[in-house]
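A closer look at the structure
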Amino acid sequence: LARGRTAQAAFRCIHEACVPSGHGPKMSGSFASTSPPATERQGLLASAPGADDDEMEKRAKDAGQSKEDYNAWIAGGKMINHLMDKDHNECGMNPSIYDAAFVIPQICRSANWPRSLLNITIRSYFFLLVNFFFQLFILYMIAQEEEVMDKFAGQMSLCNFGANVHTCPGGRDCIGPAGTNYQNAGRMYDYASWSTRTFTRDSLKLIFPDQVHEINDKIDPGEYGVENFWVRHVCVFIFMMSVMSDLRSTMDMGYILWYVPSTDQPWIDYQVPAWAPKQTVKDVKECSELDFIKFKIAGMSKMWKIINLCVIILPKLFIWKKTAKYGVMFLMETAGIENVIVNVTALTFILNLDEMLFANFSHKALHHILEMLEPWSIQSQEHKEGLTIEQTYETVLEDRKLSCFSWALFPARLFATIFFTGIFVGEYFWAKCQFNEQGGLVSRPQYLPKDQIFPLLSFAFPFTHPEKEAEPYWSPAN
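Going along each chain's sequence as written, the residues are numbered from 1 onward. Where totals are concerned, whole chains, interfaces and linings use all residues; where local detail is concerned, this predicted model gives features only for residues with pLDDT of at least 70, and gives and counts side-chain atom pairs only at 80 or more. Only hydrogens and water are set aside; all other atoms, that is, all heavy atoms of the structure, feed into the side-chain values.

The helix and strand labels rest on DSSP assignments: H or I over at least four residues marks a helix, E over at least two residues marks a strand, and numbering proceeds from the N terminus. The secondary structure content of the protein chain amounts to 19 helices and eight strands. When the 478 residues of the protein chain are sorted by exposure, 38% land in the buried category. In the protein chain, the proportion of contacts linking residues at least 24 apart, taken out of those at least 6 apart, comes to 75%. Carbon and sulfur atoms make up 61% of the accessible area of the protein chain, which amounts to about 27100 Å² in all. Residue exposure (1.4 Å probe, protein chains only): buried if accessible area is under 20% of the type maximum, exposed if over 50%, otherwise partly exposed. Contacts are assigned to residue pairs with any non-hydrogen atoms lying within 4.5 Å of each other. For every accessible area listed, the method is Shrake-Rupley and the probe measures 1.4 Å; residues are considered covered only by the protein chains on display.

Here you go:
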């Protein structure tokens, strides 16, 4: 239609072509005055999309294909040009408190700080602080449990105690924390069961000191160990997948801050199609005034970039690091198969707190804005809109020449997930475990902390350690 004399003339042409004489609404005003003659209407329709079927059929014949196959090739070329770069070139926003606090101040600034949007902006920052408190509080409590409370309960690190029980009694992980051989899986328990059985045996020895040897012979508390070596690592990998999706959204924010211009640009625009009057557009497309508002990612000043970096991105990365560290530690310290599977599903809610707060407490306007916000491309894709049919066909031919064994075959995010899984599992083994004489990984000596509260400084900075007692309450040697 745009190839005709005017868009209004094309609109009039289609109206007259589709509505018989004497039927339908009568055109008047600018539409009636721009009606082209019959010969020009034929030219408009001939140049409209879909009118060049004969040309497409000719091209298909020249390519030695049927028209349907040729059209499929063209569709494939368009898909390659427009979709294949989305994975690493497109950044978007998600329905969460973080993204709302990132977007709504720019929308408010673009609208010249109206009070209604300013109130929503303040609310977004308030719930951002609430989200920080909840996530950090839960992570701190997990750290308190792992670093303090477990030690007062006499627990040692799980490491690989009994991880290869099927190789016992001669395997490398066959010596439990009590110093006895597992022999088989029948002597393996989680820590709560093992400590209760050990307490019962030791209590009987104290009550009947003259029957110590008989009690040791007849009461076997078993050993504390991991029920399955592989299920822990699989569950850690599944947990890291959910963690990596949160890291990806943080990286998208970082890309936006890095690549958008460092000048204040409007993030909203009011666009009414020019092909017809606004009311006609509303009637034809069944839309409202809200549909003419375009929400987009654009430039922001350096001051706003610094604010978003310090208030949103860096705290989000800190929470991500602590979630990954203590989440992996929590899973690696879970001995039972059922428990570790349940725990991996329970841990993911920490990262979903921002989405829960957004869904329950954010203004509906924010939901609409984030839903309608257009994704932002690092590199502009507008040049691909002008590609001809021949160029699109050549795209498919060139793509068919590529090797199947290219980097595109290997998903980068999968390798990133495997990499970070290895990093955090390795950090756990490095901090908590050591090798024994048989080559198995056992717990390092355990010391009681002098304070029953895990220091905030130790939580924030892992290289600072809380004060401990001089003598260990458990070590592999004893």
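Our next topic: a negative patch on the surface. The grouping of Asp54, Glu57, Glu68 and Asp69 at the surface amounts to a negative patch. Mapped by element, the contributors of at least two residues to the negative patch are α4 (53-62) and α5 (67-83). Within the patch definition used here, like charges are joined within 9 Å and nonpolar side chains (Val, Leu, Ile, Met, Phe, Trp, Tyr) within 5 Å, considering only residues with over 30% relative accessible area and no salt bridge. Salt-bridge detection follows one rule: a side-chain nitrogen of Lys or Arg within 4 Å of a carboxyl oxygen of Asp or Glu. The convention is simple: Lys and Arg are positive, Asp and Glu are negative, and His and the chain ends are not counted. A charged residue contributes its charge at one atom only: NZ of Lys, CZ of Arg, CG of Asp or CD of Glu.

With that settled, the discussion passes to α5. The first and last C-alpha atoms of α5 sit 24 Å apart over 17 residues, in line with the 24 Å expected at 1.5 Å per residue. Tyr70, Ile74, Gly76, Gly77 and Asn81 are the residues of α5 that are buried. The buried residues of α5 occupy an angular sector of 155° when the element is viewed end-on, so they sit on one face. In a helix, the anticipated span is given by 1.5 Å times the number of residues less one. Directions from the helix axis toward the C-beta atoms define the arc.

All right, on to the layout of surface pockets then. Volume-wise, the second largest pocket comes out at about 600 Å³. A 1.4 Å probe that fits into a set of points on a 1 Å grid over the protein atoms alone but cannot get out defines a cavity; an open set with protein on both sides within 12 Å along at least five of seven lines defines a pocket, and lining residues are those with an atom within 4 Å of a point. Taken together, 26 residues make up the lining of the second largest pocket; nearest its centre are Glu147, Ala431, Lys432, His465 and Lys468. Of all the elements in the fold, those that place two or more residues in the lining of the second largest pocket are α8 (115-152), α13 (302-332) and α18 (412-432). The leading source of residues in the lining of the second largest pocket is α18, at six residues. Classification used: nonpolar for Ala, Val, Leu, Ile, Met, Phe, Trp, Tyr, Cys and Pro, charged for Asp, Glu, Lys and Arg, polar for all others including Gly. Split into classes, the residues belonging to the lining of the second largest pocket amount to 14 nonpolar, five polar and seven charged. Grid points are joined across faces, edges and corners, and a volume is the space filled by probe spheres set on the points.

A covalent bond between the sulfur atoms of two cysteines is what we call a disulfide. Any cysteine sulfur atom paired with another within 2.5 Å is treated as part of a disulfide. Throughout the structure, instances matching the rule amount to two disulfides. Here Cys159 pairs with Cys433 through a disulfide, and the sulfurs are 2.0 Å apart. Taking the sign of the torsion about the S-S bond as the criterion, the disulfide between Cys159 and Cys433, at about -100°, is left-handed. Placement of Cys159 in the loop between α8 and β2 (188-189) and of Cys433 in strand β7 (residues 433-435) is noted, with a sequence separation of 274 residues between them. For the pair Cys159 and Cys433, one class covers both residues: buried. The residue that forms a disulfide with Cys168 is Cys174, at a sulfur-sulfur distance of 2.2 Å. Where Cys168 bonds to Cys174 through sulfur, the torsion about that S-S bond is close to -105°, and the disulfide is left-handed.

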